[in-house]
Amino acid sequence: MIWNEHKECMSREQMRELQGKRLHKLVDILYHNVPFYRKKLQDADISPDDILSIDDIVKLPFTTKQDLRDNYPFGLQACPQSEIIRIHASTGTTGNPTIVGYTRKDISIWSECMARALTSFGITKEDRVSVAYGYGLFTGGLGAHYGVENLGASVIPASTGSTEKHVKLIKDLGITGIACTPSYALYLTETMNKLGITKDDISLRVGAFGAEPWTDNMRHEIENNLGIKAYNIYGLSEIMGPSVSYECECQHGSHINEDHFYPEIIDPETLKPLPYGQQGELVFTTLTKEGMPLLRYRTRDLSILYDGQCECGRTNVRMGRIMGRSDDMLIIRGINVFPSQIESVLLSIPECAPHYQLIVDRVNNLDVLTVQVEMRQEYFVSGFDTLTPITTLENKLKDKLKSVLSISAKVQIKAPNTLTRSEGKSKLIIDNRKIE
Ligand code: ADP
Ligand code: ZN
């Protein structure tokens, strides 16, 4: 099913024409309303009239997270305060959080994009959907909430926390859809196990998972645990929130809502645009946003763009799974390592549970990566009594990690339920190295 056939299945020529018109208008607004952009454009000797088509986007300057921090809190707002009806803030572990203001039209477009995503996942008005992203400043909860309402399904604003109550509601209300982080889906399964509720006791059939990187192996894990079909949804608060892109039934990448968010892939070092099919840093321009529009925002997310018609009928460009954030990437003894690579290895081994943590230390000036992973309950009898000897398993994991990552890692197999759980975005990496 397709929510907005006109916008999701446009011809490429029509789409590029629409994008060009919108870009011209956007640059004009930014030039006249946002001193930060006016200066950037003047420094680059560009006036709004130089933007005649979407191809001219390469002339425009980039925007970084640092620019958002420098202009904290409202320096990049492009409309009068009276037009802003909602403000979100992203976590911001270092420095100022990022503040994003939305106009009524922004919220309405966001809900439209969310409805496109949910429809693509097969959710209809008949469904009951619980939203278990955190509600609050984080965009996940309210973003998904408005989308479910716009679609016309019933929304259950479960949020995170009170997971036992949530499980009871899933069962008693016959909830059929869920939107949450992949980590929360695992936590939900554990809570169900604790309560003695199995996937056959519930009616869940579809899940919208995002807000953190996850792999196909994790998808299979969640699908098996909950008896559902799991779809990927992507977004970031600076650009909008969840539903910048979403998978279709073909699950060959996620279609980008390109009429609103223009995607590019660049080489993060040279900043040169890369062709479709090559991996690099994702960059988005918000073509229609009124509250805080951004030109060529560098997401730090690493991905690939794919063009070409998809079997689902949508014509919008697709993006591959996020390989990791460029700042999430671990550099271990000079080699780039993404947590997603490690997750794939762990989940390809039947004895390993999907609960793990990566610890990096510097010992005698050398980086040491330790992978801690829990053993699955069914392989763990009690105490040190396990079906597969721990050392055999540790060696098997070490070998596999070595062949995938090209570096050696220490492996520690843990007893079930010993690593910390997360209901929101998970904290996978503990980096104890002192960066001087
Ligand atoms: P922050 O984490 O910086 O506070 P957000 O809460 O807006 O900001 O999170 C956005 C980020 O979350 C994205 O830039 C991306 O790194 C990650 N993310 C969101 N959805 C997905 C997804 N489906 N797959 C992988 N990563 C995702
Ligand atoms: Zn498709």
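Residues numbered from 1 in each chain as written. Chains lettered and ligands numbered in written order. Predicted model: local features only at pLDDT ≥ 70, side-chain atom pairs only at ≥ 80, totals over all residues. Heavy atoms only, no water.

Novice: Any chance you could explain the coordination of the zinc ion (ligand 2) here in plain terms?
Specialist: Octahedral metal centres with six donors ideally show angles of 90 or 180 degrees, and tetrahedral centres with four donors ideally show 109.5 degrees. Surrounding the zinc ion (ligand 2) are the protein donor atoms C248 (SG), H255 (NE2), C310 (SG) and C312 (SG), at 2.1 to 2.3 Å. Its 4 donor atoms give the zinc ion (ligand 2) angles of 103 to 112 degrees at the centre, a pattern that matches the tetrahedral case. Donor residues binding the zinc ion (ligand 2) come from one chain and are separated in sequence as C-x6-H-x54-C-x1-C. (Donors = N, O, S within 2.8 Å, 3.2 Å for Na, K, Ca; no water. Tetrahedral: all angles 85-135°; square planar, octahedral: opposite > 155°, others 65-115°.)

Novice: Would you take a moment to explain empty space enclosed by the protein for this structure?
Specialist: Once rolled over the atoms, a probe with the size of a water molecule shows which space is left empty. Scanning the entire structure with this criterion turns up 1 cavity of 30 Å³ or more. The computed volume of the largest cavity comes to approximately 120 Å³. As for the largest cavity, its lining consists of 16 residues, and the residues nearest its centre are P73, F74, L76, I99 and M292. Ranked by the residues each element gives to the lining of the largest cavity, the list is headed by strand 2 (residues 98–103), at 4 residues. When its residues are assigned to classes, the lining of the largest cavity shows 10 nonpolar, 6 polar and no charged. (1 Å grid on protein atoms, 1.4 Å probe; cavity = no way out; pocket = protein on both sides within 12 Å on 5 of 7 lines; lining within 4 Å. Points joined across faces, edges and corners; volume = space filled by probe spheres on them. Helix = DSSP H or I, 4+ residues; strand = E, 2+ residues; numbered from the N terminus. Nonpolar A, V, L, I, M, F, W, Y, C, P; charged D, E, K, R; others polar.)

Novice: Sorry, what's going on with the sheet that holds strand 11 (residues 280–286) here?
Specialist: In any sheet, the strands associate via hydrogen bonds between backbone groups, in a parallel or an antiparallel arrangement. Taken together, 4 strands build an open sheet; the order of strands is 10-11-12-15 and the sheet is antiparallel. Strands with a single pairing partner mark the edges of an open sheet, and in this sheet they are strand 10 (261–266) and strand 15 (324–325). The sheet contact formed by strand 11 and strand 12 (residues 297–303) spans 4 bridges and is antiparallel. If you follow G280 over to strand 12, its bridge partner there is S303. (Pairing = 2+ DSSP bridges.)

Novice: What's the story with the side chain of S130 in this structure? I'm lost.
Specialist: Inspection of the secondary structure assignment puts S130 in strand 3 (residues 128–131). Sequence-distant contacts of S130, that is, excluding residues within four places in its chain, are made with I156, A158, H166, I175, G177, I178 and A179. (Contact = heavy atoms within 4.5 Å.)

Novice: Explain the domain arrangement of the protein here, please?
Specialist: Often, the extent of an interface is quoted as the loss of accessible area upon association of its parts. Domains assigned within the protein are domain 1 (8–328) and domain 2 (330–434). On the side of domain 2, 19 residues touch domain 1, which itself brings 22 residues to the contact. Counting the surface lost from both domain 1 and domain 2, the interface buries some 1,800 Å², and carbon and sulfur atoms represent 51% of this. Here domain 1 is connected to domain 2 by 2 salt bridges. For the salt bridge of R376 with E221, the shortest nitrogen-to-oxygen distance reads 2.6 Å. Summed over the shared surface of domain 1 and domain 2, the result is 7 residue pairs in polar contact (both at pLDDT 80 or more). Within the residue set of the side of domain 1 that touches domain 2, elements represented by two or more residues are helix 8 (182–195), helix 9 (216–226) and strand 15. At 5 residues, helix 8 tops the list of elements feeding residues into the side of domain 1 that touches domain 2. Grouping the constituent residues of the side of domain 1 that touches domain 2 by class yields 9 nonpolar, 8 polar and 5 charged. (Domains from an automatic or database assignment. Buried area = accessible area lost by both parts, 1.4 Å probe. Salt bridge = Lys/Arg side-chain N within 4 Å of Asp/Glu carboxyl O. Polar contact = N/O pair within 3.5 Å; in protein donor to acceptor, adjacent residues only side chain to side chain.)

Novice: Just to check I follow, could you spell out the sheet that holds strand 6 (residues 206–210) for this structure?
Specialist: If you trace the 9 strands from one edge of the open sheet to the other, you get 4-3-5-6-7-8-9-14-13, paired in mixed fashion. The open sheet is flanked by strand 4 (154–156) and strand 13 (305–306), the only strands paired with a single partner. Bridging between strand 6 and strand 7 (residues 229–236) involves 5 bridges; their strand directions are parallel. For F209, the partnering residue across the bridge sits in strand 7 and is N232. Along the sheet face, helix 9 touches strand 6, strand 7 and strand 8 (241–247) and points at about 130 degrees away from the line of strand 7. (Axes fitted to C-alpha atoms, helices over the stretch in contact; angles between N-to-C directions.)

Novice: I tried to follow the layout of surface pockets on my own but got confused; where do I start?
Specialist: Quantified by volume, the second largest pocket comes out at close to 530 Å³. Around the second largest pocket sit 27 residues that line it, and L186, T189, E190, N193 and H355 are the ones nearest its centre. Of all the secondary structure elements, the ones that give two or more residues to the lining of the second largest pocket are helix 7 (163–172), helix 8, helix 9, strand 18 (352–363) and strand 19 (366–375). A per-class count over the lining of the second largest pocket returns 8 nonpolar, 10 polar and 9 charged. Counting contributing residues per domain, the lining of the second largest pocket is built from domain 1 (8–328) and domain 2 (330–434), each supplying no fewer than three.

Novice: Explain a negative patch on the surface to me, please; I cannot follow it from the model alone.
Specialist: On the surface, a cluster of negative charge is made up of D28, D45, D49 and D50. On the secondary structure map, D50 appears in the loop between helix 3 (35–43) and helix 4 (65–70). (Patch = residues over 30% accessible without salt bridge, like charges linked within 9 Å, V, L, I, M, F, W, Y side chains within 5 Å. Areas by Shrake-Rupley, 256 points an atom, 1.4 Å probe, with all protein chains shown as cover. Lys, Arg positive; Asp, Glu negative; His and termini not counted. Charge placed at Lys NZ, Arg CZ, Asp CG, Glu CD.)

Novice: What is the right way to look at the packing of helix 2 (residues 12–33) against helix 3 in this model?
Specialist: The description of two helices packed together rests on the angle between their axes and the distance between the axes. Look at helix 2 against helix 3: their axes get within 6 Å of each other, and the N-to-C directions meet at 110 degrees. Taken together, the axes of helix 2 and helix 3 are roughly perpendicular relative to one another. Judged by residue contacts, V27, L30, Y31, H32 and N33 of helix 2 engage P35, Y37, R38, L41 and Q42 from helix 3. Of the residues contributing to the contact of helix 2 with helix 3, the split by class is 6 nonpolar, 3 polar and 1 charged. (Parallel < 35°, antiparallel > 145°, perpendicular 65-115°, else oblique.)

Novice: I would appreciate a short explanation of the packing of aromatic side chains in the present structure.
Specialist: Geometry of an aromatic ring pair is reported as the spacing of the ring centres plus the angle between the planes. Counted under the stated rule, the structure contains 7 aromatic pairs. Aromatic pair F36 and Y37: ring centres 5.0 Å apart, planes at 70 degrees, arrangement edge-to-face. Its relative accessible area of 17% is what places F36 among the buried residues. The exposure class assigned to Y37 is buried, which follows from its relative accessible area of 0%. Arranged with centres 6.4 Å apart and planes meeting at 65 degrees, the rings of Y133 and F138 form a pair that is edge-to-face. The exposure class assigned to Y133 is buried, which follows from its relative accessible area of 4%. (Phe/Tyr/Trp six-rings, centres within 6.5 Å; stacked < 30°, edge-to-face > 60°. Buried < 20%, exposed > 50% of the residue type's maximum accessible area, 1.4 Å probe, protein only.)

Novice: What is the right way to look at the packing of helix 8 against helix 9 in this model?
Specialist: The contact between helix 8 and helix 9 brings their axes to 10 Å, and the two run at 30 degrees. Helix 9 is crossed by helix 8, and the crossing has left-handed handedness. Here P182, A185, L186, L188, T189 and M192 of helix 8 lie close against helix 9, whose contacting residues are M218, E221, I222, N225 and L226. Classifying every residue of the contact of helix 8 with helix 9 by side-chain character gives 8 nonpolar, 2 polar and 1 charged. (Left-handed = near helix turned anticlockwise from the far one by under 90°.)

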